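# Understanding the architecture of this molecule
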Amino acid sequence: MYTIDLSGQWRYEQDIENTGINERIFERKLAHENFTLPGDACKNKIGQKYTPPQELCYEAVRALRPSYEYIGALWLQREFTIPDDLEDKYITLFLERVNIASDLWIDGKKVDRQIIEITTPHTYNLTGKIKSGTHTLTLRIDNSNLLNIDGMASGYSVDTQSIWNGIIGKIELRFEEVFHMSNIQVFSEKKSIHIKLTAHSDCLKPRDRRNACFEICVITPDGAVQRSKKYQTVLYNKKQILHFDYPIKNPQYWDEFNPCLYNLHIKMVCEKCEDIKSVSFGMRNITTDGHDFVLNGRKIALRGTLDCGIYPLTGYPPTDLESWLKVCRTVKKYGLNHIRFHAWCPPDAAFTAADMTGIYVLAEMPLWLNVDVCALSTGDDPIHREYYLKEAMNISEYYGNHPSFVMFSNGNELLGDFEMLENITTQIKALDNRRLYTLTSNFDRPATPADDYMSAVEINGNRVRVQVFHDVVSEHTRLSYDNAVKSTDMPVVSFEVGQYCVYPDVDSISDYTGNLVPANFEFIKNEMIKHNVYHMLDTYKTASGNFAALMYKEEIEAALRTHHMGGFELLGLCDYTGQGTATVGLLDVFYNSKGIISADKFRNFCSSVVPLMKADRIFLNTDKFKADFDLYDYGEIKIKSPVFNFSLYEGEKQVYHYEGRKKSISFSLGFVKKPVVLKAVLSVNEYRNVWNIFVYTNDSTECFVPIFTKRSAEFEEMLKNSGKAVIMMNSDNLKQPVEGLFKPAFWSPAHFPSERACGIICRSEHPIFNNFPTGDYADFQWKHPMDYSMGTDVSMLPKDFKYIIEPVPNFYSNLRRSPLFEAKVGNADILFCGFNLYADKIAVTALRNSIFKYVSSDEFRPVQTLSYEELNQILK
């Protein structure tokens with residue numbers, strides 16, 4: 001194949017009013033110069049410049065914004081020259097990634113119909129329509145919502161890659177022999193491949209016949225050339241599908257551990273024409289066996305994350321290999337083996353990167369329609385049936401050879417015309433059995449004959465993500481989804497688990513040097529300054545990030561503990577900067593670490609092999625510690641008869657050790673003499689996992705200072721004279737009470753309005769915790785104390801006032817609050833406590849004991865002061 005690269009500088013004209021065709025723009029030279037392709041209108045600073053709202057509202061923090069927004073028709077034009085020796089070739093114009101429609105004119109004459117296609121290339125056949133010499137090529141690109149798909153799908157949304165207008169991949173003229181091959185599809189069997197291709201013979205007249213020879217050879221992953229094989233056939237039509245079988249000697253199978261890639265070389269000889277094509281493929285076969293995914297005869301499980309197409313520097317997805325290798329290698333670095341492309345299908349380079357790194361890809365069409373989130377449902381517009389069947393076929397044809405492409409879903413959270421979805425899936429499965437299919441990602445529904453697996457938050461009424469099990473996971477590490485898995489007869493993948501808010505890093509604004517401006521981050525930063533909390537940014541990021549990491553560990557381990565679970569898909573490893581700024585990732589949107597947790601530590605609980613402990617988290621020292629061990633083992637070589645190595649540590653001191661094949665242990669905690677946080681470490685071979693265990697003494701402490709529940713005369717007298725006291729904050733005595741809750745804000749507090757916090761900040765070195773040891777941030781011993789608490793709005797206090805406990809506010813409210821702080825008020829030392837210290841929970845009792853011991857001791861000497869005016873703003 002010979003190509004002419006058409007990237008570079010083009011002329012352009014805007015056509016927002018859509019009058020260009022009637023005005024016959026295509027017959028003249030366009031007015032403006034220097035539109036760079038590949039690229040879009042925003043990159044070329046064309047369109048309406050973004051102007052942010054003046055007041056806090058959802059739109060102000062909704063998403064990153066194109067610095068220039070252009071929705072509508074855009075005309076592009078340039079000249080090209082065809083050499084004399086190429087005019088008789090088979091000629092096509094190839095446009096990779098156009099959003100959403102294109103029309104073509106050559107020298108003012110229309111070529112073919114408009115192409116509407118989001119995911120696969122726009123290709124125009126110019127054969128016989130142009131001669132050698134210089135020609136003018138005019139394109140009309142229209143990114144209007146021509147398919148009536150609303151704006152939710154990641155492939156066409158302001159929340160993700162933006163609704164860009166342009167061409168972002170290869171732009172080239174392609175010249176091939178009149179006898180040539182296209183659409184080469186490779187289907188791998190156990191020890192052979194089946195090849196299906198289209199032979200083109202455009203010069204043939206009716207009833208003509210031509211003899212053709214096809215020579216096939218394969219280059220192995222090691223670079224060895226297998227013996228070539230020749231096939232003779234007769235060509236009798238312009239386009240003809242041919243089938244060939246070719247044996248593979250000593251096949252090397254593709255998977256996450258050994259991403260072995262073969263190269264297929266085919267030479268077609270007909271008349272005096274010779275066409276040579278190469279196709280990369282992998283030897284792999286994916287099926288299901290009951291609840292399990294089976295790859296090449298071995299059971300696998302998915303450990304996945306989402307990619308929603310958010311690439312801020314361009315505002316559209318990259319089409320180069322290196323960018324996608326960074327994504328895939330980062331995903332693998334964190335122990336994951338799977339990417340779900342949420343309501344979009346990535347460019348070819350993404351599949352190539354996944355092939356090379358051993359990532360299992362789930363691709364979806366740009367489809368997310370249901371009346372819960374937008375104005376219409378799937379199939380409400382008749383064009384949905386026509387377009388999405390064609391889209392599914394095109395995706396299969398263009399990306400189907402990639403071994404990484406193991407799963408396909410029609411789209412995200414679809415409701416509406418399931419007859420349409422089942423028809424699409426049934427038809428595409430009949431043509432291409434190289435992957436597994438499901439009608440839609442998410443929603444509890446009856447499985448159809450077209451479904452190979454189910455991906456949802458709920459399976460037959462059984463939830464499969466921690467979101468509704470916070471009470472359970474705070475008590476123990478035994479949660480699993482066995483009931484959900486047993487309730488169906490196919491693999492189950494838990495859908496979009498996590499979604500825990502991490503406070504946005506507004507100091508990263510300088511990283512956004514490209515087409516998308518961080519208008520949402522800038523607004524959030526201004527709100528932080530307005531609420532006098534910007535100085536807390538680093539602490540908020542760290543505290544909320546640590547809490548998110550804690551919860552992601554539970555999400556992942558619950559899936560790993562579930563026997564025969566098909567897998568999980570995180571939302572997400574990296575941030576989602578749309579839908580109200582959902583910074584839920586442990587990595588930022590650029591796939592860079594936020595410094596919350598290292599990849600090594602993340603792999604302790606997210607890897608192909610993970611030791612698992614099933615035990616309570618909170619104990620009295622009169623209890624027995626009982627634990628069951630298990631091993632999530634989807635490693636390259638399964639560990640037979642694993643030896644479990646278990647230790648408990650108090651600081652650096654080992655206080656208990658067990659090593660053996662026994663999967664259960666039990667021993668007394670009587671050696672614990674004071675409240676302590678023990679570190680439980682479970683190892684199998686080189687794999688290691690860690691949990692915190694909280695042990696408290698079985699006793700009760702009296703409080704030797706007065707406890708007030710309201711401002712009484714006695715309380716006021718103490719303030720004037722001297723003394724020490726505890727004031728129990730509650731909804732009756734606080735002017736601005738804020739109810740406490742351990743469970744954090746979900747996804748985005750702007751998208752799902754909430755004043756929930758996102759973790760807590762603990763002054764762990766404070767002597768009040770001498771008998772209730774804690775880290776600097778939330779852990780599970782805080783679940784019950786926080787749920788039984790009432791804090792107060794403290795935004796009126798000086799910004800450098802230090803609180804013993806301070807929940808991390810979510811960025812939309814920035815409401816600074818505290819359920820525990822101390823101050824000298826007047827002449828008295830006062831502890832302000834919003835915890836219900838008499839709730840019947842072990843951790844609450846332990847916290848009460850620690851608080852009472854502290855306020856009854858000489859250590860209770862607050863150094864901060866509150867004025868009477870400030871006190872009056874807090875208490876009624």
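Here's what I pulled together on the structure shown here. Everything numeric here is computed off the predicted structure, so don't read it as measured data.

## Side note on the packing of helix 1 (residues 321-333) against helix 2 (residues 348-357)
Look at helix 1 against helix 2: their axes get within 8 Å of each other, and the N-to-C directions meet at 45 degrees. Here helix 1 is positioned oblique relative to helix 2, judged by the angle of their axes. Every pair of crossing elements has a handedness; the one defined by helix 1 and helix 2 is right-handed. Across the interface between the two elements, Leu 321, Trp 324, Leu 325, Cys 328, Arg 329 and Lys 332 of helix 1 pack against Ala 349, Ala 350, Thr 352, Ala 353, Ala 354, Met 356 and Thr 357 of helix 2.

## Some thoughts on helix 12 (residues 842-855)
Along its 14 residues, helix 12 runs 20 Å from first to last C-alpha, staying within 8% of the 20 Å computed at 1.5 Å per residue. Burial of helix 12 is extensive: 11 of the 14 residues sit out of reach of the surface. Buried within helix 12 we find Ala 843, Val 844, Ala 846, Leu 847, Arg 848, Asn 849, Ser 850, Ile 851, Phe 852, Tyr 854 and Val 855.

## Notes on the pairing of strand 23 (residues 286-289)
In terms of strand pairing, strand 23 meets strand 24 (residues 292-295) through four bridges, oriented antiparallel. Bridged to Thr 287 within strand 24 is Val 294. Where strand 23 folds back onto strand 24 in an antiparallel hairpin, the turn is made up of two residues, including Gly 290, whose phi is positive at roughly 65 degrees.

## What about the sheet that holds strand 47 (residues 737-739)?
As summarised here, the arrangement of the three strands in space is 47-49-51, forming an open sheet in which the pairing is antiparallel. Of all strands in the sheet, those with a lone pairing partner are strand 47 and strand 51 (817-818), marking the two edges. Both strand 49 (residues 790-793) and strand 51 contribute to a ladder of two bridges, which runs antiparallel. The residue of strand 51 that forms the bridge with Thr 792 is Ser 818.

## Focus: the packing of helix 3 (residues 383-399) against helix 4 (residues 418-431)
In a packed pair of helices, the relevant descriptors are the angle between the two axes and the axis-to-axis distance. Packing of helix 3 against helix 4 brings their axes to within 10 Å, and their N-to-C directions diverge by 25 degrees. It follows that helix 3 is roughly parallel to helix 4 by the angle criterion. Classified by chirality, the crossing of helix 4 by helix 3 is right-handed. Between helix 3 and helix 4, the residues in contact are His 384, Arg 385, Tyr 388, Leu 389, Ala 392, Met 393 and Ser 396 and Glu 419, Met 420, Asn 423, Ile 424, Gln 427, Ile 428 and Leu 431, respectively. Looking at the contact of helix 3 with helix 4, its residues break down into eight nonpolar, four polar and two charged.

## As for the packing of aromatic side chains
Summed over the entire model, instances satisfying the criterion amount to 51 aromatic pairs. Considering the side-chain rings of Phe 742 and Phe 780, the 6.1 Å spacing of their centres and the 45 degrees angle between planes classify their relative orientation as tilted. In this pair, Phe 742 sits in the loop between strand 47 and strand 48 (760-762) while Phe 780 sits in the loop between strand 48 and helix 11 (783-787), placing the two residues 38 residues apart along the sequence. Each of the two residues, Phe 742 as well as Phe 780, counts as buried. Both rings, one in Phe 801 and one in Tyr 803, keep their centres 5.0 Å apart while their planes meet at 45 degrees; by these two values the pair is tilted. By relative accessible area, which is 5% here, Phe 801 ends up buried. Three or more aromatic residues joined by ring pairs form one cluster here, namely Phe 619, Phe 625, Phe 629, Phe 644, Phe 646, Tyr 656, Tyr 658 and Phe 667. Sitting above the plane of the Phe 94 ring, Arg 174 keeps its charged end 3.6 Å from the centroid.

## A few points about the environment of Ser 867
The topology assignment puts Ser 867 in the loop between strand 54 (865-866) and helix 13 (868-874). What makes Ser 867 partly exposed here is its relative accessible area of 32%. Along the primary structure Ser 867 and Gly 826 are separated by 41 residues, whereas in three dimensions their C-alpha atoms are 7.1 Å apart.

## Regarding unusual backbone geometry
Of the consecutive residues Asn 99 and Ile 100, the connecting peptide bond is found in the cis state with omega at 15 degrees. Take Ile 100: it is sitting in the loop between strand 9 (90-95) and strand 10 (101-106). Here Leu 571 and Gly 572 are connected by a cis peptide whose omega angle stands at -10 degrees. Look at Glu 496: it is not a glycine, yet its phi comes out positive at around 50 degrees. Inspection of the secondary structure puts Glu 496 in strand 34 (residues 492-498). Look at Glu 496 and you get buried, because its relative accessible area is 7%. Within the chain, Trp 747 stands out as a residue other than glycine whose phi angle is a positive 60 degrees. The topology assignment puts Trp 747 in the loop between strand 47 and strand 48.

About the criteria used
By convention here, each chain's residues receive numbers from 1 onward along its written sequence. The model is predicted, so local features are restricted to residues of pLDDT at least 70 and side-chain atom pairs to those at 80 or more, both for listing and for counting; the totals for chains, interfaces and linings are taken over all residues. Side-chain numbers come from the whole structure's heavy atoms, not from hydrogens or water. Orientation is described by axes fitted as lines to C-alpha atoms, over the contacting stretch for helices, and by angles from 0 to 180 degrees between their N-to-C directions. The secondary structure listing takes helices from DSSP runs of H or I that are at least 4 residues long and strands from runs of E that are at least 2 residues long, numbered from the N terminus. Here the angle decides the label: under 35 degrees means roughly parallel, over 145 means roughly antiparallel, 65 to 115 means roughly perpendicular, and every other value means oblique. Helix crossings fall into two classes, left-handed where the near helix is turned counterclockwise from the far one by less than a right angle and right-handed where it is turned clockwise. Any pair of residues with heavy atoms lying within 4.5 Å of one another is described as a contacting pair. A helix's residues, less one, multiplied by 1.5 Å, set its expected span. Burial classification: accessible surface area is computed with a 1.4 Å probe over protein chains only, and a residue below 20% of its type maximum counts as buried, one above 50% as exposed, and the rest as partly exposed. A pair of strands counts as paired when DSSP detects no fewer than two bridges linking them. In the scheme used here, Gly and all other residues not listed as nonpolar or charged are polar, with Ala, Val, Leu, Ile, Met, Phe, Trp, Tyr, Cys and Pro taken as nonpolar and Asp, Glu, Lys and Arg as charged. Only Phe, Tyr and Trp rings take part, Trp by its six-membered ring, and two of them pair if their centres are within 6.5 Å. Stacked means planes under 30 degrees apart, edge-to-face means over 60, and tilted covers everything else. When the NZ atom of lysine or the CZ atom of arginine is within 6 Å of a ring's centre and also within 35 degrees of its normal, the charge is said to sit over that ring.

Note that all results are geometric; they support no functional claim without further evidence.
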